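Structural overview for review
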Amino acid sequence: MLAAVASLTVLGAALGLGLGIAARRFHVEPEEIVAELEALLPGSQCGQCGYPGCAGAAQALADGKAPVTLCPPGGKGVAQALAEKLGVSADLSALGESVPMLASVREELCIGCTKCFKACPTDAIHGAVKQIHAVLKEACTGCAKCVDSCPTEAVGLVPVPATLTTWTWHKPGHA
Amino acid sequence: MPAVATLPAWLQRSLIRWGVHPDDHKRPVADLPVERLPLPSRLFLPLQQHVGAPARPVVKIGDHVLKGQLLAESAANISAPVHASTSGRIVDITTYPAPHPSGLEQPVMVLEPDGKDRWIDTAPPADPFALPPTEVGRMVSAAGVVGMGGATFPSAVKLALGLRVQVEILIVNGGECEPYLSCDDRLMRDHAAGVVDGIRLALHAIGAQEARVGIENNKPEAIAAMQQAAAPFPEVRIMPVPAQYPMGSDKQLIQVLTGREVPFDGRAADAGVLVHNVGTCHAIHQAVRLGRPLVERLVTVSGGAVRRPRNVVAPIGATAQALFDYCDGLASAPARVIMGGPMMGNPLATTASPVIKGTSGLLALTQEEVGEGERAGPCIRCASCVSVCPMNLLPLEMAAHIRSDDPDGAFQLGLNDCIGCGCCSYVCPSAIPLSHYFSYAKGALAANERAKLKSESIKKLTTARLERQEREAREKAEAAARRKAEREAAKARAAAQANAATAKAATADVNA
Ligand code: SF4
Ligand code: SF4
Ligand code: SF4
Ligand code: SF4
């Protein structure tokens with residue numbers, strides 16, 4: 001009996017010590033993880049996640065208050081990267097439904113007010129005063145900031161058109 | 001493992017532990033004489049018929065061109081030029097449905113033949129073997145030759161690589177293991193001398209000593225013709241190999257002919273070999289000996305829905321519909337139209353799509369031949385898929401990961417090594433579309449990769465914008481501060497002047 005108690009006590013103490021050391025050894029400063037998470041986010045500060053900018057979103061992620069799928073413009077890629085960083089399994093099925101979007105300017109409505117040009121966090125819109133503005137699709141994240149800024153509703157989001165290089169087979173059974 | 005092809009025939013079969021034997025459906029088409037497609041009224045020449053960058057047009061709408069004239073030049077290191085398939089007028093440069101399962105459009109040049117089919121003047125060298133190897137490579141590059149087995153990789157780039165890394169053996173792929181296809185078979189029977197000459201030119205271009213030509217033993221006539229043509233050239237060895245799908249896949253053929261394994265994620269050149277298809281070798285022969293660019297090719301038009309299946313020589317740019325029409329049209333609405341072979345080819349979204357340099361076959365298959373419609377059942381873990389996979393993968397495990405939205409899990413299991421041969425789907429008793437899962441997952445992984453690259457570049461843009469805004473704000477503030485300082489200095493000066501003036505006035509007053 002005594003031997004059992006003693007051996008279990010020793011075992012418990014040893015393991016506890018191990019855990020304690022591990023906790024110190026592998027301790028990650030909370031600020032560090034927030035910074036790392038923020039680095040994974042697009043950084044366009046679009047606010048679509050409902051937090052004030054990407055830093056706020058990273059904080060919420062670190063606190064476990066937001067799911068890894070919080071960033072709409074980031075899409076699947078960002079969600080996966082976040083899940084890996086946080087060591088959680090991501091349920092990406094909800095994202096599967098949402099298709100990536102792209103802003104597009106309807107030329108007949110644009111009055112060249114440059115509001116969208118100023119609103120875009122990634123400099124994806126080009127134009128000048130009283131000139132029709134245009135969207136660079138390589139730089140647009142589909143964050144919709146420009147859509148809200150346009151006084152004539154000339155900017156809208158359209159699904160990113162497939163090209164021969166981006167087209168992929170659909171999943172079997174999901175035609 | 002030894003080079004299976006050097007062993008006696010009865011041993012070969014038992015040493016190959018992968019692959020399947022689908023019904024080959026090659027005859028009688030393979031035994032019928034080749035016919036030539038009359039010039040269609042329009043040719044649609046895609047600027048991209050190859051792996052790499054699209055070609056850049058060098059002619060304008062309205063230009064009259066001769067057969068073999070350069071229409072679009074190679075636009076990058078990995079790219080290939082496009083030439084006029086006949087003489088005529090360029091009537092448009094536009095977009096047109098690509099020969100691709102999506103049916104999306106791609107840039108094409110539209111050529112209206114003038115019916116004269118007049119060649120450009122060519123000045124082929126008297127003895128190409130006297131030329132330096134790089135010069136032969138340059139001629140192949142200028143002729144727009146690409147891998148004609150379907151891979152469409154620019155051939156000259158491969159030759160240059162072979163010369164640079166000093167490969168020892170040129171593997172010539174005459175396997176043609178896909179069912180239905182017999183264009184390579186026909187080419188070897190009818191033009192064996194040209195093919196062998198092309199092989200010798202390719203050997204010269206890469207500086208290798210030996211060529212091994214792998215031909216499946218279900219093509220005895222082609223083997224005989226090639227053996228006869230190669231008899232005077234001991235460096236060209238014709239090696240019959242067992243008919244086993246996918247023998248015509250590069251990695252498998254290399255292993256059977258040389259016993260060498262291409263390292264995972266490696267190129268054939270890493271194993272000291274280079275692979276060219278027999279059609280490509282023939283195109284090299286035409287390019288170097290006759291100075292003729294690649295403007296036409298042999299296409300097998302077959303499948304249960306085709307009334308008069310045939311091997312047809314077609315100009316690049318003729319529509320699939322024109323070839324079917326030439327073969328007396330389709331007897332029934334096909335369940336699927338495929339460009340290439342039934343196992344690895346691409347289903348076509350529309351028969352308006354043109355024949356390109358890599359088009360080996362056009363198949364119109366009936367519902368019966370496609371043999372689908374059975375619903376996929378659950379996996380019974382029979383491991384048939386594992387035993388046939390030529391890449392030693394675990395198709396059932398990979399598919400399970402992909403089904404549960406975990407393409408990365410499949411990637412860990414070697415998804416990228418999957419050559420998409422379809423053997424696993426072919427044998428699966430539960431009719432699970434395994435290779436379809438793999439195509440889907442490869443696409444999904446590539447899309448993820450693109451998304452990652454994009455989000456990185458976007459982050460750069462955002463930071464650049466923030467920096468710019470900060471800089472602008474700072475400059476504004478600095479400018480404002482400068483102006484303020486200037487204003488104050490001016491004020492101070494004015495005040496000083498005023499002071500001086502009053503002081504002067506005061507002294508004047510005093511003096512007065
Ligand atoms: S163009 Fe519009 S949707 Fe696209 S990133 Fe800029 S603000 Fe967002
Ligand atoms: S906000 Fe609207 S109207 Fe103004 S420049 Fe942009 S698109 Fe044109
Ligand atoms: S897993 Fe890929 S390589 Fe293996 S049999 Fe299936 S399709 Fe072929
Ligand atoms: S062949 Fe089909 S049923 Fe058999 S183990 Fe593979 S996936 Fe499962």
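Residues numbered from 1 in each chain as written. Chains lettered and ligands numbered in written order. Predicted model: local features only at pLDDT ≥ 70, side-chain atom pairs only at ≥ 80, totals over all residues.

Comments concerning the pairing of strand E9 (residues 169-174) of chain B
Residues and elements named next belong to chain B. Among the six residues that make up E9, six are buried, leaving the element largely enclosed by the rest of the structure. Two elements, E9 and strand E10 (residues 210-216), share six bridges in a ladder whose sense is parallel. From the neighbouring strand, valine 172 faces E10, where its bridge partner is valine 213. As paired strands, E9 and strand E12 (residues 273-277) are joined by five bridges and run parallel to one another. Across the sheet, leucine 170 pairs through a bridge with leucine 274, a residue of E12. (Buried ≥ 20, exposed ≤ 12 C-beta atoms within 10 Å, placed from the backbone. Helix = DSSP H or I, 4+ residues; strand = E, 2+ residues; numbered from the N terminus. Pairing = 2+ DSSP bridges.)

Considerations on the packing of helix H4 (residues 183-190) of chain B against helix H8 (residues 278-289) of chain B
Residue and element names in this part refer to chain B. Remark: H4 packs on H8, axes separated minimally by 9 Å, with the N-to-C direction vectors making an angle of 45°. With respect to H8, the axis of H4 lies oblique. For the pair H4 and H8, the sense of crossing is left-handed. Residues Asp184, Leu187 and Met188 of H4 form the contact with H8, whose participating residues are Val278, Gly279 and His282. Classifying every residue of the contact of H4 with H8 by side-chain character gives three nonpolar, two polar and one charged. (Axes fitted to C-alpha atoms, helices over the stretch in contact; angles between N-to-C directions. Parallel < 35°, antiparallel > 145°, perpendicular 65-115°, else oblique. Left-handed = near helix turned anticlockwise from the far one by under 90°. Contact = placed C-beta atoms within 7 Å. Nonpolar A, V, L, I, M, F, W, Y, C, P; charged D, E, K, R; others polar.)

Quick word on the domain arrangement of chain A
Residues and elements named next belong to chain A. Splitting chain A by domain gives domain 1 (30-97) and domain 2 (99-159). Computed over C-alpha atoms only, the centres of domain 1 and domain 2 are separated by 25 Å. Taken residue by residue, the interface counts seven residues in domain 1 and eight residues in domain 2. For the side of domain 1 that touches domain 2, the class distribution of residues is three nonpolar, four polar and no charged. (Domains from an automatic or database assignment.)

Some remarks on the site of ligand 2
Around ligand 2, a shell composed of 15 residues is seen, among which Cys110, Cys113, Lys115, Cys116 and Cys150 of chain A lie nearest. Of the residues in the shell around ligand 2, the class split is eight nonpolar, six polar and one charged. (Near = placed C-beta within 6 Å.)

With respect to the domain arrangement of chain B
Residue and element names in this part refer to chain B. Domain boundaries in chain B define domain 1 (4-115 + 130-326) and domain 2 (384-444). On the side of domain 2, nine residues touch domain 1, which itself brings nine residues to the contact. For the side of domain 1 that touches domain 2, the per-class residue count stands at six nonpolar, three polar and no charged.

A closer look at the site of ligand 3
Residues and elements named next belong to chain B. Contacts to ligand 3 come from 16 residues, most closely from Cys389, Cys418, Cys421, Cys423 and Cys424. Of all elements in the fold, only helix H14 (423-427) and helix H15 (434-511) reach the threshold of two or more residues within the shell around ligand 3. Among the elements that take part in the shell around ligand 3, H15 stands out by supplying three residues, more than any other. Here the shell around ligand 3 is composed, by residue class, of 13 nonpolar, three polar and no charged.

Digging into the sheet that holds E10 of chain B
Residues and elements named next belong to chain B. Taken in spatial order, the four strands of this open sheet run E11-E10-E9-E12, and their pairing is parallel. The sheet is open, and its two edges are formed by strand E11 (236-241) and E12, each paired on a single side. For this sheet the average axis-to-axis angle between neighbouring strands, irrespective of direction, equals 25°.

Observations concerning the sheet that holds strand E8 (residues 105-113) of chain B
Note: strands within a sheet are paired through backbone hydrogen bonds, in either parallel or antiparallel orientation. All names here are of chain B. In spatial order, the strands read E2-E8-E7-E4; together these four strands make up an open sheet with antiparallel pairing. Edge strands, defined here as strands with exactly one partner in the open sheet, are strand E2 (43-46) and strand E4 (64-65). Bridge count between E2 and E8: four bridges; the pairing is antiparallel. Residue pairing in the sheet places leucine 45 in a bridge with methionine 109 of E8.

Side note on the interface of chain A and chain B
With 26 residues of chain A at the interface, the matching set in chain B holds 25 residues. Here the element with the most residues in the side of chain A that touches chain B is helix H4 (residues 75-86) of chain A; it accounts for five residues.

Overview of unusual backbone geometry
Residues and elements named next belong to chain B. The peptide bond linking arginine 27 to proline 28 adopts the cis configuration, its omega dihedral lying at 10°. Relative to the elements of secondary structure, proline 28 occurs in the loop between helix H1 (9-15) and strand E1 (35-36). Even without a glycine there, the phi angle at glutamate 176 is positive, about 40°. In this fold, glutamate 176 is placed in the loop between E9 and H4. Positive phi outside glycine occurs at alanine 383, with the angle close to 65°. Relative to the assigned elements, alanine 383 resides in the loop between helix H10 (367-370) and helix H11 (384-388).

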